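# Observations on the model geometry
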Amino acid sequence: MGMILLFVVLAIIVFAVLFVVGVFNSLVGLKNQVKNAWSQIDVQLKRRHDLIPNLVETAKGYMQHERGTLENITKARSDAMGAKSVGDKAKAESSLSGAMGKFFLVVENYPDLKANQNFLAVQEELTSTENKIAFARQNYNDQVLFFNNKIQMVPSNIIAGMFNFKSQEFFEVEGQEKAVPKVKF
Amino acid sequence: MWELIRANKRKSIILFFCMGICLLLLGYLIGAAFYPKSGGIIGISVAAGLWFIMSLVSYFSGDSIILTMSGAREVTPEIHPQLFNIVEEMKIAANLPAMPRVYIIDDPAPNAFATGTKPNKCAIAVTAGLLSRLNRDELQGVVAHELSHIINRDVLFVTFAGVLLGSIVLISQVFLRSMWYSSGSSKRYRSSGKSGGQAQLIIWAVAIVFAILAPIFAQLLYFALSRKREYLADASGARLTRYPEGLASALEKISRTHLNLASANKATAPMYIINPIKKLGAIGLSDMTSTHPPTSERIRILRSISQGVNYSNYQKAFSAIKGGISPIIPASGIKDSKVIPIRKASVEPNQEHNKKKDAREIGDLIRAVNKFAFLVCACGLKIKIPPDFNKPRINCPRCRRDIEVPLGELAAIAAVGAVIPEDTKQKQANLEPLTYKRKGAGWESVTCSCGRLRQISPKFLGSRIICNDCGRKINIVN
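Across the chain, the bulk of peptide bonds are trans and the bulk of non-glycine residues have phi less than zero. Residue and element names in this part refer to chain A. Following valine 154, the chain continues to proline 155 via a peptide bond in cis, the omega torsion being 0 degrees. Of note in the backbone geometry, asparagine 164 takes a positive phi value of approximately 60 degrees without being a glycine. Mapped onto the secondary structure, asparagine 164 falls in the segment after helix H6 (156-162).

Put into structure tokens, the structure is as follows:
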């Protein structure tokens, strides 16, 4: 009788340990996914900073009357590169996006620049980088959602509490991403 | 995402089970028909062996077989930066662990497919016709649809289900044909069993009926699931790009052409974005036996998505158009209620597409894929040098200028794209101005040292002209 009880207790302990190990590992995996997604955003932001001098250099010769626009971009870039905290970074990057948007609107008035091969190549790279930033952010938020769900749901929330896993922040950009009204066809 | 894959897996396993039973039963019946005593077991083991070997082959080298069969050539980012960028964008959006390899197929029919049984080792191929027709957003939609096939594990499904289907078709065809051509010998088997003659005859009849029906049944199963997966890939694609209109208008443009893809066949058809084998005029029976849902319906569903692009919105749009009979998205996917707003269209740098210019660009692209090197002559002409070119010098076809061909570096030049040859570059850098003394007051011809003739009108008053070809200044002295 005593033997059976001992076995049952042992089995429960082994099962509990295995369960904790399994949940802990999956939490670590999810957290690393979040970290990885964040570094993806960082890579793309850096790529954008690297591309901007090329763009300004190419456009300078054509846009004599738009010095202000070009200077705004250069300033926004150096601000973004200097930003330290996550909040500052998000703000500086979105003002850089704004400056770039203005620049591409102005470009419409310069057909010579728009036909320049170098400019087209830089523009394609920048468009793609902007997209990559947006997709990387979307992916980061997806990963954060998975992670936060996991550490708030029963039973994994117990293990998350034991090992002090904290919910992660979403990367939101205010004012820029609102649903576009859909046109019916 | 993960729930979707799991739900897909469950359905696929049921399908594999049905098709596997079909195959083994076929093997048993055929074996039993030939050798009543132990033939059933032999038939089953032959069928299972065939299935096993074909599965192994297609799992380990299926992607390279398909890429080779379709004539796809791998490209580098230098050859088509935009395509590479788009694939990378979608790789980030889909959270793939590695960058897919990118291939281009030299075919005017617009189409694309993805292959690779694992997300960390996959490839995507697009045709030259697709690149020439679609703009950036549309190309992105197509790439997203194709990568969705990989993350939803559709490629894995197509690989294994295709092999099963192939085994069933192969065995039943061999059996039926052997019946047809050797009816004499089969009669011998039939009459040999005296005691069980009656039973043997019944087994024969059942085997024949089954051999005729099994491939049809298996095909219908396969195609039904493949159609469903197309819708699912559309939904995932729209979710990845957050721009359903891109995929919709790409599908519209692709379906407007009636070119068949030369390298596609019925087995590989489910992998393409749109059925590569179009049967004109055979619309009536196409619905049950087609691998893809009707494109017009796919477009209408994509266009009626409103308020965000998550799965439940796609399902709503789908039910609104199809009448809501069977759900396309597994129930667990519908829980995905996160609001994903539709984004704006991206700005296209150059909207005006010139047909001739497009054709030239595609030609250059295909030559670049085929490792041609480009030398830019001083007159602006791009001279295409094939990889096996072996003459040290070449005359420019337009201006007859003599150009040195850097034979040892052709491969390196092909890797980076176009290069201006060293001697032309020097010529351009220090072009010494010529001087021409006018003879009288009539029309006169001036020959530049590059060989280009220029006419000077009697009314010409300037002191200098510039050669149209090489840009050399020619001073005119009266």
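Attention shifts here to the state of the cysteines. A full pass over the atoms with the stated rule returns 0 disulfides over all chains. Cysteine B:Cys18 remains unbridged, with the sulfur of B:Cys22 as its closest cysteine sulfur at 8.3 Å.

Residue and element names in this part refer to chain B. As for its placement among the helices and strands, arginine 438 is situated in the loop between strand S10 (434-437) and strand S11 (444-447). Among the polar contacts listed, one links the side chain of arginine 438 to the backbone oxygen of glycine 442, at a separation of 3.4 Å. Looking at arginine 438, its side chain comes within polar contact range of the main-chain oxygen of serine 457, at 3.3 Å. In contact with arginine 438, not counting residues within four places along its chain, are Glu444, Ile456, Ser457, Pro458, Phe460, Ile476, Val477 and Asn478.

Moving on: the packing of aromatic side chains. Residues and elements named next belong to chain B. All chains considered together, the criterion is met by 13 aromatic pairs over all chains. Summarising the aromatic geometry, the rings of phenylalanine 16 and phenylalanine 157 are spaced 6.3 Å apart at their centres and angled 40 degrees between planes, so their arrangement reads as tilted. One end of the pair, phenylalanine 16, is in helix H1 (residues 2-34); the other, phenylalanine 157, is in helix H6 (residues 154-181), and 141 residues separate them in sequence. Residue phenylalanine 16 is classed as partly exposed on the basis of its relative accessible area, which comes to 22%. Plain terms: the ring middles of phenylalanine 113 and tyrosine 272 are 5.0 Å apart, the flat faces sit at 65 degrees to each other, and that makes the pair edge-to-face. Of the two residues, phenylalanine 113 is situated in strand S3 (residues 112-118) and tyrosine 272 in the loop between helix H9 (244-256) and helix H10 (286-289); the sequence distance between them amounts to 159 residues.

What follows concerns the sheet that holds strand S13 (residues 464-466) of chain B. Residue and element names in this part refer to chain B. The strand order S10-S14-S13 describes an open sheet built from 3 strands, whose pairing is mixed. At either end of the open sheet lies a strand with only one pairing partner, and these are S10 and S13. On average, each strand axis in the sheet is tilted by 25 degrees relative to the strand beside it, whichever way the strands run. Direction of pairing for S10 relative to strand S14 (residues 473-477): parallel, over a ladder of 4 bridges. Following the sheet pairing, lysine 437 is matched in S14 by valine 477.

In this section: the confidence of the model for chain A. Residues and elements named next belong to chain A. Chain-level statistics for chain A give a pLDDT mean of 83 and a share of 93% at 70 or above. For chain A, helix H4 (residues 111-115) is the element with the lowest average pLDDT, namely 79, and helix H1 (residues 2-60) is the one with the highest, namely 90. Every residue in residues 175-185 is under pLDDT 50, and counting partners more than four places away or in other chains gives 14 contacts.

Residue and element names in this part refer to chain B. Here we have 4 strands laid out as an open sheet, ordered S1-S2-S4-S3, and mixed in their pairing. Looking at the sheet topology across the chains shown, the edges are occupied by strand S1 (72-74) and S3. Strand-to-strand twist of the sheet, defined as the mean angle between neighbouring strand axes without regard to direction, takes the value 25 degrees. Where strand S2 (residues 101-105) and strand S4 (residues 121-127) come together, 5 bridges link them in parallel fashion. Within S4, the residue paired with arginine 101 across the bridge is alanine 123. Strand contacts of helix H3 (residues 81-93): S2 and S4, with the helix running at about 135 degrees to S2, the strand carrying the most contacts.

Here the focus is the packing of helix H3 (residues 86-107) of chain A against helix H5 (residues 117-152) of chain A. All names here are of chain A. At a minimum axis separation of 13 Å, H3 and H5 run at an interaxial angle of 145 degrees. Seen from above, H3 lies across H5 with left-handed handedness. Mapping the contact onto sequence places Ser97, Met100, Phe103, Phe104 and Val107 in H3 and Phe119, Gln123, Leu126 and Glu130 in H5.

Spanning 36 residues, H5(A) covers 52 Å between terminal C-alpha atoms, matching the ideal 52 Å at 1.5 Å per step. Burial analysis of H5(A) places 27 of its 36 residues in the buried class, which makes it a mostly covered element.

The next point concerns the pairing of strand S5 (residues 373-376) of chain B. Residue and element names in this part refer to chain B. What you see with S5 is no split at all: Ala373 and Leu375 on one side and Phe374 and Val376 on the other are buried throughout. Note: S5 against strand S6 (residues 382-385), 4 bridges, orientation antiparallel. Across the sheet, valine 376 pairs through a bridge with lysine 382, a residue of S6.

How each quantity is defined
Residues numbered from 1 in each chain as written. Chains lettered and ligands numbered in written order. Predicted model: local features only at pLDDT ≥ 70, side-chain atom pairs only at ≥ 80, totals over all residues. Heavy atoms only, no water. Helix = DSSP H or I, 4+ residues; strand = E, 2+ residues; numbered from the N terminus. Disulfide = S-S within 2.5 Å. Polar contact = N/O pair within 3.5 Å; in protein donor to acceptor, adjacent residues only side chain to side chain. Contact = heavy atoms within 4.5 Å. Phe/Tyr/Trp six-rings, centres within 6.5 Å; stacked < 30°, edge-to-face > 60°. Buried < 20%, exposed > 50% of the residue type's maximum accessible area, 1.4 Å probe, protein only. Pairing = 2+ DSSP bridges. Axes fitted to C-alpha atoms, helices over the stretch in contact; angles between N-to-C directions. pLDDT = per-residue confidence, 0-100. Left-handed = near helix turned anticlockwise from the far one by under 90°. Expected span 1.5 Å × (residues − 1).

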